Amino acid sequence: MHVLSLTSSLIFLFLFSVSHIPIFPAKHTISPPPALRQRQQRELSSDYYSKKCPQLENLVGSVTSQRFKEVPISAPATIRLFFHDCFVEGCDGSILIETEKGSKTLAEREAEENKDLRKEGFESIIKAKALVESHCPSRVSCSDILAIATRDFIHLAGGPYYQVKKGRWDGKRSTATNVPPNIPRSNSTVDQLIKLFASKGLTVEDLVVLSGSHTIGFAHCKSFIGRLYDFKGTKRPDPNLDPRLIKELRMSCPFTGGSSGVSLPLDATTPFVFDNGYFRGLGTKLGLLGSDQALFLDPRTKPITLEMSKDKQRFLKAFGDAMDKMGSIGVKRGRKHGEIRTDCRVFL
């Protein structure tokens, strides 16, 4: 295994500038009680639209395949959207809402933590929704389209193809103030991550496995620059970061100035392939974010990380299963709690 050459890194910077896909909220929130979570999962089904819109998956698939070919950055951008959506208010499409002109209440996507979400992710869902609406008007939720598109992009990039359970309704609330407690920090501790994921009904293994989405993610310099120059106030780089990688990263991310728009791959070995390279990288100190590398250092998460690094098929299967679980977080059902939007950007 080797670190990306500087030339390759510059190519990535030129073609694909995107921030990381955060799945590590720093604080935890109250999750639905187990009985409610189980009921939500039962209400979702893979054949939910078999009569309402039988061609749904093909319609969404035609958009995602075209976007993946023409705008490949749509893959990590859309995956990131799904994580952001599910960890704030649940998987209800609330991340897609735009702030109404003149409103003093900002929508989720306007939160400071969401301002670097890539437009390609939003565009992919808007295009898919428009096509679905032309065939199945007012029948399919934006949240279900986001879940399907995310699965499609994961599979197109080499990841697992798993059945997406459907039946989500779109949420009626999207508030920027709900975002900060639920969006990850690049230096989150394993304790913080475990508590947050547990509050969402996810296990320690789910935490590690879902972190594998970083196999095709990117991060801005600001997310890891402290590890390069002043780790925890030591004025020295993080000893758990490969010295060769530090040298190359410093060339793209100077200590002051000139790096605000720079993004680098979270998986330095196979940044455009959905595989277990991210986990192998953690074993050789190539984890870009401190919160990622911490998974290899903590005794509660290291064994799982090692297992995923050694068995690609085991990881892909586990990832599909974990995405199924995550996709049921806080789902809305029925008119009392949700709606079926015709335009994902505005409430009915």
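Residues numbered from 1 in each chain as written. Predicted model: local features only at pLDDT ≥ 70, side-chain atom pairs only at ≥ 80, totals over all residues. Heavy atoms only, no water.

To be explicit about the condition: UniProt positions are given in the numbering used here, feature names are shortened, and annotations may be inferred rather than shown by experiment.
The name given to the chain in an unreviewed UniProt entry is Peroxidase, with Eutrema salsugineum as the source organism. Taken verbatim from the UniProt record of the chain, the Catalytic activity (unreviewed entry) comment is "2 a phenolic donor + H2O2 = 2 a phenolic radical donor + 2 H2O". Recorded in UniProt for the chain, the comment headed Subcellular location (unreviewed entry) runs: "Secreted".

1. Here we look at the layout of surface pockets
Condition: Of the grid points, spaced at 1 Å and generated over the protein atoms alone, those admitting a 1.4 Å probe that cannot get out make up cavities, while open sets with protein on both sides within 12 Å along at least five of seven lines make up pockets; any residue with an atom within 4 Å of a point is treated as lining. Grid points are joined across faces, edges and corners, and a volume is the space filled by probe spheres set on the points. Strands here mean DSSP runs of E at least two residues long; helices mean DSSP runs of H or I at least four residues long; both are numbered from the N terminus.
Taken as a whole, the largest pocket spans an internal volume of roughly 380 Å³. The wall of the largest pocket is formed by 19 residues, among which Asn187, Phe231, Lys232, Asp238 and Gly290 lie closest to the centre. Listed by contribution, the elements that provide at least two residues to the lining of the largest pocket are helix 9 (225-229) and helix 12 (290-297). By residue number, the principal contributor to the lining of the largest pocket is helix 12, which donates 5 residues.

2. A word on unusual backbone geometry
So the rule is basically this: Any residue under 20% of the maximum accessible area for its type is buried, any over 50% is exposed, and the rest in between are partly exposed; the area is computed with a 1.4 Å probe on protein chains only.
Residues other than glycine seldom take positive phi values, yet Lys232 does so here, at roughly 50 degrees. Mapped onto the secondary structure, Lys232 falls in the loop between helix 9 and helix 10 (243-252). Judged by relative accessible area, Lys232 falls into the exposed class, the value being 72%. Even without a glycine there, the phi angle at Lys285 is positive, about 60 degrees. Looking at where Lys285 falls in the secondary structure, it is placed in the loop between helix 11 (277-283) and helix 12.

3. Let's talk about the environment of Asp321
As for its placement among the helices and strands, Asp321 is situated in helix 14 (residues 312-326). The exposure class assigned to Asp321 is partly exposed, which follows from its relative accessible area of 38%. The spatial distance from the C-alpha of Asp321 to the C-alpha of Val209 is 9.5 Å, given a sequence separation of 112 residues.

4. Observations concerning the state of the cysteines
The condition is simple: Whenever a pair of cysteine sulfur atoms sits within 2.5 Å, that pair is classed as a disulfide.
One pass over the full model with this rule turns up 4 disulfides. The side chain of Cys142 participates in a disulfide bridge whose partner is Cys344; the two sulfur atoms lie 2.2 Å from each other. Its S-S torsion of about -100 degrees marks the bond between Cys142 and Cys344 as left-handed, since a negative value means left-handed. With Cys142 in helix 6 (residues 142-156) and Cys344 in the segment after strand 4 (338-339), this pair connects stretches of sequence that are 202 residues apart. Comparing Cys142 with Cys344, the two get one shared label, buried.

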